[in-house]
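# Survey of secondary and tertiary structure
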Amino acid sequence: MVTRLGPAAARRIAIAAQALEVPHGQRPTSGRVTSAHIAALLRRIHLLQIDSVNVLCRSHYLPVLARLGPYDRDLLHRLSERPPRRLMEYWAHEASYIRPEHFADLRVWQRRRWVGLSALPEEAAAEHEQIAAGLVETLGRSRPMTASALAVALDHDHAVDRVAWGWNWTPTKRVLEHLFERGVVGAAGRTAQFERRYTLTERVLPPAVRGAPEPDPAAAADRLTEAAARALGVGTTRSVADYFRMPVQAATDSLTRLAADGVVVPVTVDGLDQPHWLHTAARRPRRVEARALLSPFDSLIFHRPRVEQLFGFHYRIGIYTPPDRREHGYYVLPFLLGDRLVARVDLKADRQHRTLLVQAAFAEPKAPQHTADELAAELGVMAGWLDLDDVAVAPRGDLAPALAAAVARAPGRR
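What counts as what
Residues numbered from 1 in each chain as written. Predicted model: local features only at pLDDT ≥ 70, side-chain atom pairs only at ≥ 80, totals over all residues. Heavy atoms only, no water. Helix = DSSP H or I, 4+ residues; strand = E, 2+ residues; numbered from the N terminus. Rg over C-alpha atoms; globule rule 2.2 N^0.38 Å. Buried < 20%, exposed > 50% of the residue type's maximum accessible area, 1.4 Å probe, protein only. Contact = heavy atoms within 4.5 Å. Areas by Shrake-Rupley, 256 points an atom, 1.4 Å probe, with all protein chains shown as cover. Lys, Arg positive; Asp, Glu negative; His and termini not counted. Charge placed at Lys NZ, Arg CZ, Asp CG, Glu CD. Salt bridge = Lys/Arg side-chain N within 4 Å of Asp/Glu carboxyl O. Pairing = 2+ DSSP bridges. Axes fitted to C-alpha atoms, helices over the stretch in contact; angles between N-to-C directions. Core = buried A, V, L, I, M, F, W, Y, C linked by side-chain atoms within 4.5 Å.

On to the overall build of the protein chain. Tallying secondary structure elements over the protein chain gives 15 helices and 14 strands in all. Relative to the globule expectation of 22 Å for 414 residues, the C-alpha radius of gyration of the protein chain, 22 Å, shows essentially globular dimensions. Along the first, second and third principal axes, the C-alpha atoms of the protein chain reach 65 × 55 × 40 Å. Taking all 414 residues of the protein chain together, 56% fall into the buried category. Relative to all contacts within the protein chain whose residues are 6 or more apart in sequence, the contacts with residues 24 or more apart total 65%. Total accessible area on the protein chain stands at roughly 18,400 Å², and carbon and sulfur atoms take up 50% of it. When the 55 positive and 46 negative side-chain charges of the protein chain are each reduced to one mean point, those points stand 5 Å apart.

This is the structure:
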């Protein structure tokens, strides 16, 4: 078994494990992506992180585009909102679409104290606990409801809690999130305004996993750690733990047990000090031909230290940074080409003018000469998928002039 990897080999393993090893135009799914293709993809990467920012597109849609190419976004809604669900919402890396098979294991390991009632003063928490019974009873006899609809139905006070992270949550919303974290309440779907439609979790879970006994925490940790290690291909203990936001010590203990069973092996990556783990089922391609624009919340780049170590790519999304401190823009997507992250672009969908705006474009050191042409082609794919007619490149960033020229000469430009 391999015990030492070069950095390029480690990158190729990571890209292949994430189902990004070939451009989507070369995949068998090209032409028509079905729900079965997406379900198969989720069996490889396990989750899609959800985020409300819609300056370009909701983030959970983008990883599927990157891997399978243009597809009908309603397929994700069908998989997550219609029984038997093959996706469901729960906490994983962050709020995510997960495979229902992981739900019980993830619930055992939830430690997000800021989400529920533990962040409240004791007297406020006691008051909020009294709301929970009414919410559960109402959801048990009603269709799925939003937090605001439930507050109206139960005549709850709409005053906002001014605690914990500054969330502007009403008492109803905070209790619902507490029940969601505990696994009592689930999400039947989202409204057009991206509000969760809450229901009892037992109504969301497919029959095959409904009513399963509470798992042993160590066994649950082993299953989650194995899934994370397989989805990463190769990674440090911290990057494996970060995939599902497991405690590092729990992931460490699981990796030790998995290594004893021959599921993972310790390896060193040349030039990196930290020891890594290689999943024994990981493919080790000699070449990858990836080409993809990655959501800021794509699972390939979840763990920013890993991205910097393996790809030499220092990345910050920008949306959480004050405007005067944004180096590359607001909603910045890395561009994967071959086995490197070679550029980054700040994108916005101008729906009124039906244009995909490239507000800034920056090349990485040693980016290949054909980066602008490949990126222009991928931007064209994204624009078409978003039902936009044009791509416009602003003159910001060292790659912008070459990218603008490549976009201008791209085939099929209107």
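Scanning all chains against the criterion turns up 26 salt bridges. A salt bridge links R107 to E214; the nearest nitrogen and oxygen atoms lie 3.1 Å apart. Of this pair, R107 sits in helix α5 (residues 103–108) while E214 sits in the loop between α9 (201–204) and α10 (217–232), and the two are 107 residues apart along the sequence. A salt bridge links D387 to R354; the nearest nitrogen and oxygen atoms lie 3.3 Å apart. Of this pair, D387 sits in the loop between α14 (371–385) and β14 (390–393) while R354 sits in the loop between β12 (340–350) and β13 (355–363), and the two are 33 residues apart along the sequence. Overlapping salt bridges, with partners in common, bring together E89, K173, E177, R190 and R196 in one network.

The subject of this paragraph is unusual backbone geometry. Of the consecutive residues P83 and P84, the connecting peptide bond is found in the cis state with omega at -10°. For P84, the location among the structural elements is in the loop between α4 (74–81) and β3 (88–91). Despite not being glycine, F194 shows a phi value in the positive range, around 75°. Locating F194 in the fold gives a position in the loop between β5 (185–190) and β6 (196–200). Overall, F194 belongs to the buried group, its relative accessible area being 13%.

On the secondary structure map, E226 appears in helix α10. Each residue touching E226, except ones within four places of it in the same chain, is listed here: L258, V263 and H279.

It is worth spelling out the sheet that holds β14 at this point. Two orientations exist for strands paired in a sheet by backbone hydrogen bonds: parallel and antiparallel. Here we have five strands laid out as an open sheet, ordered β10-β11-β12-β13-β14, and mixed in their pairing. Unpaired on one side and paired on the other, β10 (291–293) and β14 mark the two borders of the sheet. The mean angle between the axes of side-by-side strands here comes to 30°, regardless of whether they run parallel or antiparallel. As judged from the eight bridges shared by β12 and β13, these two strands associate in the antiparallel manner. If you follow V345 over to β13, its bridge partner there is A361. Where α14 meets the sheet, it contacts β10, β11 (332–337), β12, β13 and β14, and its direction lies at approximately 60° from that of β10.

Here the focus is the sheet that holds strand β7 (residues 234–235). A sheet is described by the order of its strands in space; here four strands give the open sequence β1-β8-β9-β7, paired in mixed fashion. Each edge of the sheet is formed by a strand with only one pairing partner; in this case those strands are β1 (4–5) and β7. Summarising the sheet, strand β8 (residues 264–269) and strand β9 (residues 276–279) pair through four bridges and their orientation is antiparallel. Considered in β9, the bridge of V267 is made with H276.

Moving on, we get to the nonpolar core. Residues I38, L56, Y331, M382 and L403 are the most contacted members of the largest nonpolar core, which totals 114 residues. It is α10 that contributes the most residues to this core, eight residues altogether. Setting aside anything within four residues of it in sequence, one finds L403 in contact with V345, V358, A361, A372, L375, A376, L379 and V393. By size, the runner-up hydrophobic cluster in this structure holds 13 residues, among which are A147, L176, V185 and L200.

Another aspect to go through is the environment of P305. With respect to the element layout, P305 can be found in helix α13 (residues 304–311). Judged by relative accessible area, which is 41%, P305 ranks as partly exposed. In sequence terms P305 and Y315 are ten residues apart; their C-alpha atoms lie 9.2 Å from each other.

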